[in-house]
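Report on the structure
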Amino acid sequence: MDNRPIGVFDSGIGGVTILSCLLLKMPRENYIYYSDSKHNPYGEKTKQEVIDFVDKIINYFIAKDCKAIVFACNTATALAIDEMRKKYPDLHLIGTEPAYKMIHDYAPNTKTLVMATPATIESERFQNLYHHYDNQKTYLLACPNLAHLIEEGEEEKLTSYLQELLESYQNKKIESVVLGCTHYPLISEKIKNILGEVKFYDGGKGIANHLFRILETNQQLNLNNVKNAVYFEDSSHNRQKEERFFTFLTKK
Ligand code: DGL
């Protein structure tokens, strides 16, 4: 029995889509969610900038005595997790990657669109994953600024931007869409409205199962807790963010 919290972070509130899966799998755990909205979007920052942001967040979680840290952000994982694992070899650092392996495992022959931030798409980590599982029917789509528009909740701009972004894929008969940024599941309905009946893939469930196994193996699950607590912190101290975050969390 280990009642220390689990730290979860993203460049904003998008990681709520990962936290929802963690809560479903591990409802007795306590969570601290860190939204780094001051530095959003990560997807257009340099590798070193993202490493520096992530390092600070890890130190925040260390000070809060977290037993595991979840990168609820594909971009932070792509750019910083290898360095952070080298720097903090004793911490459980769990990453989020575009769920492209799921296409290989569950839908190998489908026409696939992978959507992610430019930094994720260009990263060596993702390029290795893609070339390893390439089904020869895949389009990679870097989506500059999309996470930011979702983060800010700018509905009108978002709808017209998305229409423009996906226009050329409308007649390509896409069957599978990998949501390679944790903000994107929040707009899956909008994507469907443009592309039609596609099936979505993201890393949420896999991460929850993976973390559960790690904590179980290390006897670090919080087995006796009756109720969980979710504590929210935002680097720009934005109260509206907190409200939107909890609205999304309870909707799931
Ligand atoms: N939610 C993010 C991700 O999974 C970060 C988006 C961004 O800040 O650009 O990649």
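For the structure, check the block above.
A brief structural summary. (Residues numbered from 1 in each chain as written. Predicted model: local features only at pLDDT ≥ 70, side-chain atom pairs only at ≥ 80, totals over all residues. Heavy atoms only, no water.)

1. Quick notes on the overall build of the chain
Each helix and strand counted, the chain has eleven helices and nine strands in total. Relative to the compact-globule value of 18 Å for 252 residues, the chain shows a C-alpha radius of gyration of 18 Å, a close match. For the C-alpha atoms alone, the extent of the chain along its principal axes is close to 55 × 40 × 35 Å. Every one of the 252 residues in the chain was classed for burial, and the buried ones make up 54%. Taking all contacts inside the chain whose residues are at least 6 apart in sequence as the whole, residues at least 24 apart take part in 78%. Taken as a whole, the chain presents about 12,000 Å² of accessible surface, with 49% of it coming from carbon and sulfur. Distance from the positive charge centre (30 side chains) to the negative charge centre (33 side chains) of the chain: 4 Å. (Helix = DSSP H or I, 4+ residues; strand = E, 2+ residues; numbered from the N terminus. Rg over C-alpha atoms; globule rule 2.2 N^0.38 Å. Buried < 20%, exposed > 50% of the residue type's maximum accessible area, 1.4 Å probe, protein only. Contact = heavy atoms within 4.5 Å. Areas by Shrake-Rupley, 256 points an atom, 1.4 Å probe, with all protein chains shown as cover. Lys, Arg positive; Asp, Glu negative; His and termini not counted. Charge placed at Lys NZ, Arg CZ, Asp CG, Glu CD.)

2. What to know about the packing of aromatic side chains
In the structure shown here, the tally under the stated rule is 13 aromatic pairs. Ring geometry for Phe9 versus Phe61: centroids 6.5 Å apart, planes at 45°, classification tilted. Note that Phe9 is positioned in strand 1 (residues 6–10) and Phe61 in helix 2 (residues 47–63), a separation of 52 residues in sequence. Classification of Phe61 by relative accessible area gives buried; the value is 0%. A ring pair is formed by Tyr100 and Tyr130, whose centres lie 5.7 Å apart and whose planes are at 50°; its orientation type is tilted. Of this pair, Tyr100 sits in helix 4 (residues 100–106) while Tyr130 sits in helix 6 (residues 124–133), and the two are 30 residues apart along the sequence. For Tyr100, a relative accessible area of 0% translates into the label buried. Members of the aromatic cluster, joined through ring pairs, are Phe9, Tyr34, Tyr60, Phe61 and Phe71. (Phe/Tyr/Trp six-rings, centres within 6.5 Å; stacked < 30°, edge-to-face > 60°.)

3. Looking at the packing of helix 2 against helix 3 (residues 74–87)
Between helix 2 and helix 3, whose axes approach to 9 Å, the crossing angle comes to 55°. Viewed along their axes, helix 2 and helix 3 adopt a mutual orientation that is oblique. For the crossing formed where helix 2 meets helix 3, the hand is right-handed. The segment helix 2 lies against helix 3, with Lys47, Val50, Ile51, Val54, Asp55 and Ile58 engaging Ala76, Leu79, Ala80, Glu83, Met84 and Lys87. Taken together, the residues of the contact of helix 2 with helix 3 break down into eight nonpolar, no polar and four charged. (Axes fitted to C-alpha atoms, helices over the stretch in contact; angles between N-to-C directions. Parallel < 35°, antiparallel > 145°, perpendicular 65-115°, else oblique. Left-handed = near helix turned anticlockwise from the far one by under 90°. Nonpolar A, V, L, I, M, F, W, Y, C, P; charged D, E, K, R; others polar.)

4. A closer look at the environment of Leu223
Relative to the assigned elements, Leu223 resides in the loop between helix 10 (204–217) and strand 9 (230–234). A relative accessible area of 53% places Leu223 in the exposed class. Considering only alpha carbons, one finds Leu223 and Met26, 197 residues apart in sequence, at a separation of 9.4 Å. Discounting residues that sit within four places of it in the chain, Leu223 has contacts with Met1 and Arg28.

5. Remarks on the sheet that holds strand 4 (residues 93–94)
Ordered by their spatial adjacency, five strands build an open sheet running 4-3-1-2-9, and the pairing between neighbours is parallel. Edge positions in the sheet fall to strand 4 and strand 9, since each has one partner strand and no second. Looking at chain direction, strand 1 and strand 2 (residues 31–35) are connected through five bridges and run parallel. Within strand 2, the residue paired with Gly7 across the bridge is Ile32. Of the strands in this sheet, strand 2 and strand 9 are in contact with helix 11 (residues 239–251), which crosses strand 9 at around 145°. (Pairing = 2+ DSSP bridges.)

6. Some thoughts on the site of the ligand
The ligand sits among 14 residues. The nearest are Ser11, Tyr42, Asn74, Thr75 and His183. Interatomic distance of 2.7 Å between a backbone N/O atom of Tyr42 and an oxygen atom of the ligand. Between the ligand and Thr75, the relevant distance is 2.6 Å, taken from an oxygen atom to a side-chain nitrogen or oxygen of the residue. (Near = heavy atom within 4 Å. Polar contact = N/O pair within 3.5 Å; in protein donor to acceptor, adjacent residues only side chain to side chain.)

7. Here's the deal with the side chain of Lys241
If you trace the backbone, Lys241 turns up in helix 11. In this structure Lys241 touches Ile13, Ser35, Ser37, Glu151, Glu152, Phe232 and Asp234, once residues within four positions along its chain are discounted.

8. A word on the pattern of salt bridges
Inspection of every chain in the model, using the stated rule, returns 14 salt bridges. Across the pair Asp2 and Arg4 runs a salt bridge whose closest N-O atoms are separated by 2.8 Å. The class of Arg4 is partly exposed, set by a relative accessible area of 25%. Put simply, Lys87 and Asp55 hold a salt bridge, and the shortest N to O gap is 2.5 Å. Highlighted residues: Lys87 in helix 3 and Asp55 in helix 2, separated in sequence by 32 residues. For Asp55, a relative accessible area of 14% puts it in the buried group. Linked through salt bridges whose partners overlap, the residues forming this network are Asp2, Arg4 and Asp65. (Salt bridge = Lys/Arg side-chain N within 4 Å of Asp/Glu carboxyl O.)

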